[in-house]
Amino acid sequence: MKRFPVGVHSFDQLAHPSYNYAFIDRSWYMIFAVCETTTLILRPRRTGKTMFLQMIAGFLSNPDYSGVKSGIDFTKLKIYERMTELSKREECSLRPDEQMELLELTRVWKMKEQFPVLFVTFCAADSKPCTLEDTLNLVKDAISDAVSPFVRELLSSDKLDELDKEYIQQLASGGNIRWERSLRRLTALMRKHFQQNIVLLVDEYDSLINSLSWEGVCYDANRFAQLFWVATCKDNISLHTCILTGVFRYLGSGLFSGANNMEISDVIVPGQLAPVFGFSEDEVQNLMQQNSMVSHMTISDLREHYNGYLIGDRRLYNPFSIMQCRIRKWLLTFLK
């Protein structure tokens, strides 16, 4: 019997077989994210965005750079299984779309553990910054945490000069620098040291923006946020790929008006990533079969009280809500 992973926040823990968690494998969908220049993924809260980024980080990150190796055997996941399945078939028996799929899978598989991966998260924000000082402090904390796995190597680099190393120290300590360009400069310095482009993953990018009250917003804080994201994302030659996740797209704020090279996947036009963030009804039924403790519940019971989200033309259920009502073994009160 599989366990339901309520409260699990680590992809390595969720997907590792020793924990015996019920797990919906989304690894195949990495082919639609890791090869794009910049992708902004917008979905409701608690739909698996952080886990998706953690999976990508574990897959792409070179442990020699960060000192951290993923505990997941990706040869046991769908990305490898599907690539192996297609490669074993005669080429002439593959449909054109399958030939293209095999090419993409092979291309992505060759990226495994090949990149420096910078993971920046704003999900720890526990306040609502509305002044420039508040916003600066949030950015300083996030970037200081992100650079920490690389600080020792960067400070001992023979490819960085003393000014570069002083900048790294300022980043790590929250020093007096132009923080609106800090992430762009950091990726440039990492590229200079590692001699290759960087993978930048940003979780909950809108925690920096969503917390700004547009009625009483400090102009300087709003302007800082705009400069920060445009400097990071627009024409950044140090990036192999950049993936940002969040809930909201600020069409009217101008925050991304200068970043015109983004691929955006949202709830209206989710593209190929449509099935990733949420559970389909078939997947919910599969989870129910994996745990006999909730065998008294049916998909009809669920549908009566909770019909999920409409993502593009797909009906998807919030994973957190499904896990909670399953593990607590009651439905109506929780979903209300």
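Here, every reference points to the structure presented above.
Residues numbered from 1 in each chain as written. Predicted model: local features only at pLDDT ≥ 70, side-chain atom pairs only at ≥ 80, totals over all residues. Heavy atoms only, no water.

A. View of unusual backbone geometry. One non-glycine residue with positive phi stands out, namely Gln195, at about 60°. Relative to the helices and strands, Gln195 resides in the loop between α9 (182–194) and β3 (198–203). You will see that Asp235, though not glycine, has its phi angle at about 50°, which is positive. Within the fold, Asp235 resides in the loop between α11 (219–233) and β4 (239–246). (Helix = DSSP H or I, 4+ residues; strand = E, 2+ residues; numbered from the N terminus.)

B. Geometry of the pattern of salt bridges. Summed over all chains, the structure comprises 14 salt bridges. As a salt-bridge pair, Arg89 and Glu98 come within 3.0 Å of each other at their nearest N and O atoms. Look at Arg89 and you get partly exposed, because its relative accessible area is 31%. Close ionic contact of Arg95 with Glu98 constitutes a salt bridge, the shortest N to O distance being 3.2 Å. Judged by its relative accessible area of 4%, Glu98 falls in the buried class. Through salt bridges with shared partners, a single network forms among Arg89, Arg95, Asp97 and Glu98. (Salt bridge = Lys/Arg side-chain N within 4 Å of Asp/Glu carboxyl O. Buried < 20%, exposed > 50% of the residue type's maximum accessible area, 1.4 Å probe, protein only.)

C. Summary view of the pairing of β4. Summarising burial for β4: 7 of the 8 residues are buried, a large majority. Alignment of strand β1 (residues 38–42) against β4, held across 5 bridges, turns out to be parallel. Within β4, the residue paired with Thr39 across the bridge is Ile243. Note: β3 against β4, 5 bridges, orientation parallel. Looking at the pairing, Val202 lines up with Leu244 of β4. (Pairing = 2+ DSSP bridges.)

D. Fine view of the packing of aromatic side chains. Within the structure shown, the criterion is met by 15 aromatic pairs. Seen from their ring centres, Trp28 and Tyr29 are 5.0 Å apart, and the 85° between their planes marks the pair as edge-to-face. The partly exposed category is assigned to Trp28, whose relative accessible area is 22%. Tyr29 gets classed as buried once you look at its relative accessible area, which sits at 17%. Note on Phe122 and Trp229: the rings are 5.9 Å apart at their centroids and 75° apart in plane angle, and the pair reads as edge-to-face. Within this pair, whereas Phe122 is found in the loop between β2 (117–121) and α6 (132–147), its partner Trp229 is found in helix α11, the two being separated by 107 residues in sequence. Counting every residue linked through ring pairs, the aromatic cluster contains Phe122, Tyr205, Phe224, Phe228 and Trp229. A cation over a ring is seen here: Arg46 above Phe320, with NZ or CZ 4.0 Å from the ring centre. (Phe/Tyr/Trp six-rings, centres within 6.5 Å; stacked < 30°, edge-to-face > 60°. Lys NZ or Arg CZ within 6 Å of the ring centre and 35° of its normal.)

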